[in-house]
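Letter by letter, the chains look like this.
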Amino acid sequence: MESGSVKQKEFYGEVHFDNKAGLPIIKVKVNGVEASFLFDTGAPNVISVELAAKLNLKTVTTAYVGDSGGEMGIQEYVSIDNITIGTINFLNTGAIVADLNSSEVTSCFNLDGIIGANLMRKAFWKINYSEKSISFSHDLSKLKIIDGWNTLNFTPTSSGTPKVDLELNKKIIE
């Protein structure tokens with residue numbers, strides 16, 4: 001999940017998203033095939049069983065994986081040659097193959113996958129919910145953070161997922 005790079009050395013990209021139940025859904029190309037992906041900062045890349053089969057992706061390894069519902073299971077990992085977001089190419093990124101129709105949370109969105117933190121760690125990202133846009137760049141200054149906008153520092157896990165410690169009732173919660 002640490003692999004991957006961006007084809008363009010210097011880049012700025014912007015995509016618009018559909019806001020479905022408060023979740024940003026973007027159009028991407030996976031090895032040239034257009035697909036619908038959830039943009040999820042708290043997850044690793046995921047590709048649906050159906051799209052992985054269509055693209056004939058080969059299993060790189062398997063491992064136990066827990067989902068947001070607390071379910072654990074052995075999942076296949078694949079490497080995706082090219083995920084294009086806007087005009088920017090993310091190369092050789094890892095993804096978990098999962099049945100996205102088996103979850104009540106994801107089945108109603110007709111998703112082909114999830115753009116997750118392991119890909120996101122290759123750029124700086126700005127999510128603008130009022131304009132339904134996501135911009136990203138190799139250079140944080142290109143994102144034009146506006147006074148009053150919230151930024152959040154975090155420590156990433158090995159998959160790039162942000163980990164934030166919160167204080168609640170004078171107790172630190174991971």
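In this report, the structure presented in the accompanying data block is examined. (Residues numbered from 1 in each chain as written. Predicted model: local features only at pLDDT ≥ 70, side-chain atom pairs only at ≥ 80, totals over all residues. Heavy atoms only, no water.)

### A closer look at the overall build of the chain
- Tallying secondary structure elements over the chain gives three helices and 16 strands in all.
- For 174 residues, the compact-globule estimate of 2.2 N^0.38 gives 16 Å, and the C-alpha radius of gyration of the chain, at 16 Å, lies within 12% of that figure.
- The dimensions of the chain, computed from C-alpha atoms along their principal axes, are 45 × 40 × 30 Å.
- Within the span of the chain, comprising 174 residues, buried residues form 38% of the whole.
- Surface accessibility of the chain: about 10400 Å² in total, with carbon and sulfur atoms responsible for 50%. (Helix = DSSP H or I, 4+ residues; strand = E, 2+ residues; numbered from the N terminus. Rg over C-alpha atoms; globule rule 2.2 N^0.38 Å. Buried < 20%, exposed > 50% of the residue type's maximum accessible area, 1.4 Å probe, protein only. Areas by Shrake-Rupley, 256 points an atom, 1.4 Å probe, with all protein chains shown as cover.)

### A few points about the packing of aromatic side chains
- Under the defined criterion, the tally for this structure stands at six aromatic pairs.
- Between phenylalanine 17 and tyrosine 129, the ring centres sit 5.5 Å apart and the planes meet at 75°, which makes this aromatic pair edge-to-face. Residue phenylalanine 17 is found in the loop between strand E2 (12-16) and strand E3 (18-20), and its partner tyrosine 129 is found in the loop between strand E11 (124-128) and strand E12 (133-137); the two are separated by 112 residues along the sequence.
- Judged by relative accessible area, phenylalanine 17 falls into the buried class, the value being 3%.
- Among the residues examined, tyrosine 129 registers a relative accessible area of 43% and is labelled partly exposed.
- With a centroid separation of 5.3 Å and an interplanar angle of 55°, the aromatic rings of phenylalanine 39 and tryptophan 125 are classed as tilted. Taken as a pair, phenylalanine 39 in strand E5 (residues 33-39) and tryptophan 125 in strand E11 lie far apart in primary sequence, 86 residues in all.
- Of the aromatic side chains, those joined through ring pairs into one cluster are Phe11, Phe39, Phe90, Trp125 and Phe136. (Phe/Tyr/Trp six-rings, centres within 6.5 Å; stacked < 30°, edge-to-face > 60°.)

### Regarding unusual backbone geometry
- In this structure, asparagine 31 is a non-glycine residue whose phi angle is positive, near 50°.
- As for its position among the elements, asparagine 31 is in the loop between strand E4 (23-30) and E5.
- Phi angles above zero are rare outside glycine, and asparagine 169 is one such case at about 50°.
- Tracing the backbone through its elements, the reader meets asparagine 169 in the loop between strand E15 (166-168) and strand E16 (171-173).
- Asparagine 169 sits in the exposed class, given a relative accessible area of 74%.

### Details of the side chain of threonine 93
- Relative to the elements of secondary structure, threonine 93 occurs in strand E9 (residues 88-98).
- Among the residues examined, threonine 93 registers a relative accessible area of 0% and is labelled buried.
- Ignoring anything within four residues of it in the chain, the contact list for threonine 93 reads Ser3, Gly4, Asn45, Val78, Ser79, Ile80, Ile83 and Leu119. (Contact = heavy atoms within 4.5 Å.)

### Quick look at the sheet that holds E2
- Reading across from one edge, E2-E12-E11 is the order of the three strands in this open sheet, with antiparallel pairing throughout. Two strands bound the open sheet, and with one partner strand each, they are E2 and E11. Along the sheet, successive strands turn relative to each other by an average axial angle of 15°, direction set aside.
- Sheet topology places E2 next to E12; five bridges connect them, and they run antiparallel. Counted as the bridge partner of glutamate 14 is serine 135 from E12. (Pairing = 2+ DSSP bridges. Axes fitted to C-alpha atoms, helices over the stretch in contact; angles between N-to-C directions.)

### Re a nonpolar patch on the surface
- Judged by side-chain polarity, Phe124, Leu140, Ile145, Ile146 and Trp149 come together as a nonpolar surface patch covering roughly 440 Å² of accessible area.
- Here isoleucine 145 shows up in the loop between E12 and strand E13 (155-156). (Patch = residues over 30% accessible without salt bridge, like charges linked within 9 Å, V, L, I, M, F, W, Y side chains within 5 Å. Salt bridge = Lys/Arg side-chain N within 4 Å of Asp/Glu carboxyl O.)

### Looking at the environment of glycine 22
- As for its position among the elements, glycine 22 is in the loop between E3 and E4.
- With 111 residues separating them in the primary sequence, glycine 22 and serine 133 have C-alpha atoms 13 Å apart.

### What about the side chain of threonine 161?
- Summarising the element assignment, threonine 161 is placed in the loop between E13 and strand E14 (162-163).
- Once you skip the residues sitting within four places of it in the chain, threonine 161 turns out to touch Thr41, Gly42, Ala43, Pro44, Ala117, Thr155 and Pro156.

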